[in-house]
Amino acid sequence: MNILLVGSGGREHALAWKIAASPSVRRLVAAPGNPGMAAQCELRNVAATDVPGLLALAKEVAADLVVIGPESAVAAGLADALEAEGVRCFGPTAGAGQLESSKAFTKAFCDRHGLPTSAYAVCDSAEAARAALDGFRPPYVIKADGLAAGKGVVIAQARAEAEAAIDDAFGGRFGAAGARVVLEEFLEGEIGSLFALCDGRDSMIFGWAQDHKRAFDGEQGPNTGGMGTYSPAPVFTPELVEQVRTRLVEPAFAGIAADGFPYRGVLFVELMATKDGPKLVEFNVRFGDPECQVLMLRLESDIVPYLLACAEGRLAETPPPAWRDDSAVCVVMAADGYPEAPKSGGEIRGADADFGPLTSVFHAGTKKGDDGVLRAAGGRVLNVCARGPTLQAARDVAYAAVDAIDFPDGFCRRDIGWRALGPR
Ligand code: GLY
């Protein structure tokens, strides 16, 4: 079959790597893709939000399936447009995508359908948000309502810092995404990322991982889109997975269908395991980045039947996937200055070396110029991933590859997996 994969980050490179390994795939095209993905895909320079361009490309390459990577393509209505033209698609409609594109929508959704989450206030002006801080205790959680590439969340210890974050959002730091702000109660517990597939009716748990959101070791520095992941994560006991399934996943899919938006694709449940059970932190309407990378390393089954089953409403007849017993680790190499002001253009050498069968280096924000030199072209630049029989073994292999890559203008965390292994 022919597959069109939409997106250009590390998540999409990991998906491309796994999809390309499927015996059912004849042609894999990525739009726009990245230099690393050229090893698995034909690259076509169509942006992930160019819905007419992607529709035309899907027809040109006779795509049997379009796989949507990023939330921006969901919010742009790509699945709606493909559905209208009868093209099979893995990824939800923009209506269902409101679960990520508006935090205020999601909070009201949780109230409406009885999903456990933190207390909150939705504020349409800086004055209202500053006043609403009175209803919360530090640390204050301030979120831009709309899509902000994982950077729209500030956790502030001091009230002055919280007020500055509110002013920043309403001052245009996140563009239209910050025209409304959601304040949230800070949840105590351990964070986790769980993934579930849905075909509009039936659903299936599809793995879990733990992300490291802060920029620097020891959970210091600003919030990022994610600096590294590992899977499996011990926080996901069988009991917690079952609670997440019954309290968050199934009510979410039933609720969004009842609201008129049956969900087709993957739902990423970011949750806090609290002493009162799991509570929703956020929904995302796509695979996590860099959670997807470790899931793809651990997924033993061919992924394509699962993507197709979601698009065709056949999940109920699809057996659960097989996962390797191995652990997997992903270390994000980011450009200096990330997340605020990543330095662009830094040279990278050695990323395409052969690190052996247990290691994969996915490109996240790279470009290759006419001189053939690979350079940084984004905040998160490379995802160095490895698997091994234990988490420690996987981490050692991943950091050995990190240390062999020459990226003087970049940095990474050295403590990925610390909650399971202890600080380094
Ligand atoms: N790693 C978190 C996210 O994908 O939003």
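Look a little higher up for the structure.
Bear in mind that the values here come from a model prediction, so they are computed numbers and not experimental data. (Residues numbered from 1 in each chain as written. Predicted model: local features only at pLDDT ≥ 70, side-chain atom pairs only at ≥ 80, totals over all residues. Heavy atoms only, no water.)

**Q** Is there a simple way to explain helix 11 (residues 304–312) in this structure?
**A** Every α-helical turn comprises 3.6 residues, leaving residues that sit three or four positions apart pointing alike. Among the nine residues in helix 11, seven count as buried, and that is most of the element. Buried within helix 11 are the following residues: Val304, Tyr306, Leu307, Leu308, Ala309, Cys310 and Ala311. At the C-terminal side of helix 11, Gly313 shows a positive phi close to 70 degrees. (Buried < 20%, exposed > 50% of the residue type's maximum accessible area, 1.4 Å probe, protein only. Helix = DSSP H or I, 4+ residues; strand = E, 2+ residues; numbered from the N terminus.)

**Q** What am I meant to see in the packing of aromatic side chains here?
**A** The geometry of an aromatic ring pair is captured by the separation of the ring centres together with the interplanar angle, meaning the angle of the planes. One pass over the full model with this rule turns up eleven aromatic pairs. Between Phe90 and Phe287 the ring centres are 6.3 Å apart and the planes differ by 25 degrees, which places this aromatic pair in the stacked class. A residue pair is termed long-range when its members are at least 10 positions apart, and Phe90 in strand 5 (residues 89–90) and Phe287 in the loop between strand 16 (277–284) and helix 10 (291–298) qualify at 197 residues. Assigned by exposure class, Phe90 and Phe287 land together as buried. Plain terms: the ring middles of Phe195 and Phe287 are 6.1 Å apart, the flat faces sit at 35 degrees to each other, and that makes the pair tilted. Here the residue Phe195 occupies a position in strand 10 (residues 190–199), and Phe287 occupies one in the loop between strand 16 and helix 10, the gap between them amounting to 92 residues. (Phe/Tyr/Trp six-rings, centres within 6.5 Å; stacked < 30°, edge-to-face > 60°.)

**Q** Whenever I open this one, the layout of surface pockets confuses me. Can you help?
**A** Estimated volume of the second largest pocket: approximately 430 Å³. If you go around the second largest pocket, you meet 24 residues; those closest to its centre are Ala351, Asp352, Ala353, Val361 and His363. Partitioning the lining of the second largest pocket into residue classes produces eleven nonpolar, nine polar and four charged. (1 Å grid on protein atoms, 1.4 Å probe; cavity = no way out; pocket = protein on both sides within 12 Å on 5 of 7 lines; lining within 4 Å. Points joined across faces, edges and corners; volume = space filled by probe spheres on them. Nonpolar A, V, L, I, M, F, W, Y, C, P; charged D, E, K, R; others polar.)

**Q** I keep staring at empty space enclosed by the protein and nothing clicks. Help me out?
**A** One way to see where empty space is left: roll a probe the size of a water molecule over the atoms. Applying the stated criterion to the full structure yields one cavity of 30 Å³ or more. If you add up the space inside the largest cavity, you get close to 30 Å³. Looking at the largest cavity, the residues that line it are Ile191, Ser193, Asp211, Lys213, Phe268, Glu270 and Glu291. For the lining of the largest cavity, the secondary-structure elements that each account for two or more residues are strand 10 and strand 15 (264–274). Grouping the constituent residues of the lining of the largest cavity by class yields two nonpolar, one polar and four charged.

**Q** For this particular structure, what's the right way to read the site of the ligand?
**A** Taken together, Asp211, Lys213, Gly225, Phe268, Arg286, Gly288, Asp289, Pro290 and Glu291 make up the full set of residues adjacent to the ligand. Between an oxygen atom of the ligand and a side-chain N or O atom of Arg286, the distance comes to 2.7 Å. One of the side-chain N or O atoms of Glu291 is found 2.8 Å from a nitrogen atom in the ligand. When the residues that make up the shell around the ligand are grouped by side-chain class, the tally is two nonpolar, two polar and five charged. (Near = heavy atom within 4 Å. Polar contact = N/O pair within 3.5 Å; in protein donor to acceptor, adjacent residues only side chain to side chain.)

**Q** Please clarify how the pairing of strand 2 (residues 27–32) should be interpreted in this entry.
**A** Successive residues of a regular strand alternate their side chains across the two faces of the sheet. When strand 1 (residues 2–7) meets strand 2, the two strands line up parallel, connected through six bridges. Of the residues in strand 2, the one forming a bridge with Gly7 is Pro32. In this fold, strand 1 hands off to helix 1 (residues 10–20), which returns the chain to strand 2; that crossover is right-handed. The pairing of strand 2 with strand 3 (residues 42–43) spans two bridges and is classified as parallel. Across the sheet, Ala30 pairs through a bridge with Leu43, a residue of strand 3. (Pairing = 2+ DSSP bridges. Right-handed = clockwise from strand over helix to strand, strands pointing away.)

**Q** Can you walk me through the sheet that holds strand 18 (residues 347–348) in this structure?
**A** Within a sheet, neighbouring strands are paired by backbone hydrogen bonds and run either parallel or antiparallel to one another. Pairing is antiparallel across the open sheet formed by three strands, whose spatial order is 18-21-20. The outermost strands of the open sheet, each flanked by one partner alone, are strand 18 and strand 20 (366–368). As paired strands, strand 18 and strand 21 (residues 374–376) are joined by two bridges and run antiparallel to one another. Considered in strand 21, the bridge of Glu347 is made with Arg375.

**Q** Any chance you could explain unusual backbone geometry here in plain terms?
**A** Residues other than glycine predominantly adopt negative phi, and peptide bonds predominantly adopt the trans conformation. Going from Ser231 to Pro232, the amide bond is cis rather than trans, its omega being -5 degrees. Take Pro232: it is sitting in the loop between strand 14 (228–231) and helix 9 (238–258). The residue after Tyr338, namely Pro339, is reached through a cis peptide bond having omega 10 degrees. Its location among the elements puts Pro339 in the loop between strand 17 (327–335) and strand 18. Backbone geometry places Ala62, a non-glycine residue, at a positive phi of 50 degrees. As for its position among the elements, Ala62 is in the loop between helix 2 (51–60) and strand 4 (65–68). Phi at Glu219 takes a positive value of approximately 55 degrees, unusual for a residue other than glycine. Checked against the element boundaries, Glu219 lands in the loop between strand 12 (214–216) and strand 13 (220–223).

**Q** Looking at this model, I keep getting lost on the side chain of Lys18. Mind explaining?
**A** Within the fold, Lys18 resides in helix 1. Buried and unpaired, Lys18 has no salt bridge, with Asp302 as the nearest side chain of opposite charge at 6.6 Å. When residues no more than four places from it in sequence are discounted, the contact partners of Lys18 are Met296, Leu299, Glu300, Ser301 and Ile303. (Lys, Arg positive; Asp, Glu negative; His and termini not counted. Salt bridge = Lys/Arg side-chain N within 4 Å of Asp/Glu carboxyl O. Contact = heavy atoms within 4.5 Å.)

**Q** Which parts of the structure should I look at to understand the pattern of salt bridges?
**A** Oppositely charged side chains can pair when the atoms bearing their charge come close. Applying the stated criterion to the full structure yields 35 salt bridges. The closest approach of N and O atoms between Lys143 and Glu282, which form a salt bridge, is 3.3 Å. Separated by 139 residues along the polypeptide, Lys143 in strand 7 (residues 140–144) and Glu282 in strand 16 bring together distant segments of the chain. When the shortest N-O distance is used, the salt bridge between Arg314 and Glu317 registers 3.6 Å. Among the residues examined, Glu317 registers a relative accessible area of 57% and is labelled exposed.

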